[in-house]
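If you want the building blocks of each chain, they are given just below.
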Amino acid sequence: MIFCSRKNDMRRLMLSLFLLSTVPVTAQNVVSISVEKLAEDVDYFFSALEETHPDLYYYHSKDSVLQVKEAIKQQLVAPMSRFDFERLMALRTNYLFDGHTGLKWHFEEWETIPDSAFLFPQTLINVMQGNLFLNENATQRILTINNQPINEIVATMRSLIGDDQTSYSKDCRIEENFSTYYYHLFGSSVSYTLTFEQQEKTIKRIFQGVKKYDVYHNNELLPFELTIRDTIALLTINDFDLRYLREFPIFLDSCFTQIAKSRIEYLFIDVSENVGGSSDNVNLLLDYLYPAHYYFLDGYGIRRYSENYIDNYRWYFNNRYNDIEEAEKAYNTWKSSIKSEYETESYVWERVNEVTNAYLGKLFVLQSYKTFSASLEFTSAIKSSNRGILIGEPTSNPAFCFTDQIGLRMPNTNIFFGCASAFYAVPSGNSNANVGILPDVFCHHRDLGAIKNDSDTMFKYLKSIVAQYGNRQNSIEILDRFQY
């Protein structure tokens with residue numbers, strides 16, 4: 001257990017007051033909500049989490065969490081806009097809970113930044129072990145930005161991310177979202193003055209701020225696609241979301257038919273941009289990657305069947321069934337099967353769907369710090385069963401984590417927030433489950449991103465992996481020796 005001292009809480013409170021006072025008023029700060037209604041939403045946020053989460057005080061003690069709650073209410077001295085209130089709640093509570101609980105996305109939302117804002121040019125920096133470096137030159141360590149010490153900036157940004165994630169994962173996320181984090185914390189600036197250390201000298205340079213569309217682009221990722229070259233297939237799956245429950249089986253059937261017809265020898269599955277979704281979609285994909293009667297450990301955990309969880313889970317049946325009455329009947333059957341509020345669960349991966357053209361050849365999986373939740377389940381399955389080779393970085397959250405997020409809304413501001421409903425442990429395949437699922441071959445997300453920008457470069461890289469690791473035996477090949 002990690003406990004937050006009263007001194008640290010006071011520091012966070014003072015920092016919150018400073019940060020709230022430094023960000024300029026925007027067009028989003030139009031409608032003000034009364035202190036009374038905001039206080040009601042604070043109470044609802046903490047009580048709803050306590051009534052829903054399987055172990056809300058896993059990372060920080062109940063006393064520490066309640067201190068934060070009271071500190072927030074003390075900051076409600078005047079009416080606030082919905083946006084500023086959400087910002088306050090995220091700033092003060094994100095570090096308390098896991099990545100599935102709270103308001104983790106608020107400080108990563110670049111769409112809410114005004115077009116007129118000037119952002120920090122994040123392409124200038126790399127984040128490594130809590131330090132910021134200018135470009136990729138590890139000899140140029142940044143000391144301050146606009147007179148703000150880097151150690152304070154990084155510490156604050158790390159606190160915006162779930163406490164279940166490693167420092168490495170947090171630093172990757174900070175690097176990826178630095179411009180957005182910096183704006184939401186410190187506001188816009190036409191120019192940014194950096195001091196950095198190089199060869200024991202302190203150097204000062206000024207960089208011009210950039211517009212948000214020079215940093216971020218509306219390039220929405222396709223949920224999934226297949227590319228084939230020669231004997232290599234690249235299957236990209238960017239989303240396991242339940243909304244694709246009907247579309248995904250059709251896509252996979254078409255993919256693996258093409259893979260079989262093309263006599264693919266090496267299959268690469270890219271989940272490096274996949275932040276999760278439904279385990280049902282993971283299971284469907286696994287059905288195409290193992291022999292008919294596969295059977296191995298999925299994981300073990302505790303689920304809390306709270307009233308919020310039971311009410312929230314109706315959407316699962318509405319997505320699964322076309323007919324509303326059929327969905328409601330299935331939901332009621334499931335609801336009546338629940339015996340107690342807390343139930344231990346253990347699962348195995350085994351065939352659920354009959355498929356044609358299952359692929360049993362050489363398998364490789366691309367992952368990164370963004371590989372989260374259900375996509376981590378997928379890489380855990382591949383790693384622990386020795387089905388294929390993982391390439392990339394450690395996954396986002398560890399092998400044991402809080403998961404299965406449900407959605408809740410504050411009654412007055414209507415702000416959406418998440419809450420984990422289960423604690424789950426999956427096989428990590430390595431000696432330290434705290435760091436998640438480790439790759440067999442390391443490739444930093446910056447390098448992988450650059451490789452993926454060009455299809456020729458991408459397939460050249462995949463061929464180099466095949467040349468080096470293509471002969472490595474997997475569990476299917478090994479088991480063939482012992483099955484008669």
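This structure is a prediction, so every number in the text was calculated from the model and none was measured.

Cut-offs applied
- Residues numbered from 1 in each chain as written.
- Predicted model: local features only at pLDDT ≥ 70, side-chain atom pairs only at ≥ 80, totals over all residues.
- Heavy atoms only, no water.
- Helix = DSSP H or I, 4+ residues; strand = E, 2+ residues; numbered from the N terminus.
- Rg over C-alpha atoms; globule rule 2.2 N^0.38 Å.
- Buried < 20%, exposed > 50% of the residue type's maximum accessible area, 1.4 Å probe, protein only.
- Contact = heavy atoms within 4.5 Å.
- Areas by Shrake-Rupley, 256 points an atom, 1.4 Å probe, with all protein chains shown as cover.
- Pairing = 2+ DSSP bridges.
- Axes fitted to C-alpha atoms, helices over the stretch in contact; angles between N-to-C directions.
- Polar contact = N/O pair within 3.5 Å; in protein donor to acceptor, adjacent residues only side chain to side chain.
- Phe/Tyr/Trp six-rings, centres within 6.5 Å; stacked < 30°, edge-to-face > 60°.
- Lys NZ or Arg CZ within 6 Å of the ring centre and 35° of its normal.
- Right-handed = clockwise from strand over helix to strand, strands pointing away.
- Core = buried A, V, L, I, M, F, W, Y, C linked by side-chain atoms within 4.5 Å.
- Parallel < 35°, antiparallel > 145°, perpendicular 65-115°, else oblique.
- Left-handed = near helix turned anticlockwise from the far one by under 90°.
- pLDDT = per-residue confidence, 0-100.

Turning our attention to the overall build of the protein chain. Each helix and strand counted, the protein chain has 16 helices and 18 strands in total. Taking 2.2 N^0.38 as the reference for a compact globule, 484 residues should give roughly 23 Å; the C-alpha atoms of the protein chain span a radius of gyration of 24 Å, in line with that estimate. Seen through its C-alpha atoms, the protein chain measures out along the principal axes to roughly 75 × 60 × 40 Å. A burial count over the protein chain gives 53% of its 484 residues as buried. Sequence-distant contacts, at least 24 apart, represent 78% of the contacts inside the protein chain between residues at least 6 apart. About 22500 Å² of surface is accessible on the protein chain, with carbon and sulfur atoms providing 50% of the total.

Spatially, the four strands line up as an open sheet ordered β13-β12-β17-β16, and their pairing is antiparallel. Edge positions in the sheet fall to β13 (342-350) and β16 (400-409), since each of these pairs with one other strand and no more. Recorded for the sheet is a direction-independent mean angle of 35° between the axes of neighbouring strands. Bridge count between strand β12 (residues 295-304) and β13: nine bridges; the pairing is antiparallel. From the neighbouring strand, L297 faces β13, where its bridge partner is V348.

This part takes up unusual backbone geometry. The residue N146 is not glycine, and still its phi comes out positive at about 50°. Looking at the secondary structure, you find N146 in the loop between β5 (141-145) and β6 (148-149). Residue classification places N146 among the partly exposed positions, given a relative accessible area of 29%.

On to the side chain of T144, then. Examined against the element boundaries, T144 turns out to sit in strand β5. You can call T144 buried: its relative accessible area is 17%. At a separation of 2.5 Å, a polar atom in the side chain of T144 contacts the side chain of T195.

Turning next to the packing of aromatic side chains. The geometry of an aromatic ring pair comes down to the distance between the two centres and the angle between the two planes. The full count for this structure, using the stated rule, is 40 aromatic pairs. Judged by centre distance (5.2 Å) and plane angle (80°), the ring pair of Y58 and F402 falls under edge-to-face. In this pair, Y58 is assigned in the loop between α2 (35-52) and α3 (62-75) and F402 in strand β16, connecting sequence segments 344 residues apart. Taking the relative accessible area as the measure of exposure, F402 reaches 1% and is therefore buried. An aromatic cluster is defined as three or more aromatic residues linked by ring pairs; in this entry it consists of Y305, Y309, Y313, Y316, F317, Y331 and W334. When the ring centre of F118 is taken as reference, the NZ or CZ atom of K211 above it lies at 5.0 Å.

Residues in a regular strand project their side chains so that they alternate between the two faces of the sheet. Burial along strand β15 (residues 389-392) is two-sided: I389 and I391 and L390 and G392, pointing in opposite directions, are all buried. As judged from the four bridges shared by strand β14 (residues 362-367) and β15, these two strands associate in the parallel manner. Residue pairing in the sheet places Q367 in a bridge with G392 of β15. In this view, the connection linking β14 to its parallel neighbour β15 by way of helix α13 (residues 374-384) has right-handed handedness. Both β15 and strand β18 (residues 441-442) contribute to a ladder of two bridges, which runs parallel. Each residue of the ladder has a partner; that of I391, found in β18, is V441.

For the rest of this paragraph, the subject is the pairing of strand β7 (residues 191-198). Pairing of β5 with β7, which is carried by four bridges, proceeds in the antiparallel orientation. Across the sheet, residue I145 finds its bridge partner in β7, namely L194. Between β7 and strand β8 (residues 201-208), which pair antiparallel and follow one another directly, the connecting turn spans two residues, one of which, Q199, has a positive phi of 50°.

With that settled, consider the sheet that holds strand β9 (residues 224-229). Think of a sheet as strands paired side by side through backbone hydrogen bonds, with each pair either parallel or antiparallel. In space, the six strands of this open sheet follow the order β9-β10-β11-β14-β15-β18, with mixed pairing throughout. Each edge of the open sheet carries a strand with a single partner, namely β9 and β18. Packed onto the sheet, helix α8 (residues 247-261) meets β9, β10 (232-237) and β11 (266-270) and runs at close to 5° relative to β9.

Here we come to the nonpolar core. Counting residues in each nonpolar core, the largest one holds 67 residues, and the members touching the most others are F45, M89, L132, I142, I145 and F178. The greatest single-element share of this core, amounting to seven residues, is contributed by α2. In contact with I142, other than residues within four places in its own chain, are I125, L132, F133, L134, I150, L194, T195 and F196. In this structure, Y244, F251, L390 and V426 belong to the second largest nonpolar core, which totals 40 residues.

A separate point is the packing of α8 against helix α9 (residues 279-287). Remark: α8 packs on α9, axes separated minimally by 11 Å, with the N-to-C direction vectors making an angle of 20°. Relative to α9, the element α8 lies roughly parallel. The two elements α8 and α9 cross, and the hand of that crossing is right-handed. Of the residues in α9, those touching α8 at F248, P249, L252 and F256 are N281, L284 and L285.

This next bit is on the confidence of the model for the protein chain. Confidence in the prediction for the protein chain averages 90 pLDDT; 92% of positions are at 70 or higher. Low confidence marks residues 1-14, where pLDDT is under 50. Its contacts with residues over four positions away, or in another chain, come to 27 contacts. Contacts of residues 24-28 to residues separated by more than four positions or lying in other chains number seven contacts, the stretch itself having pLDDT below 50.

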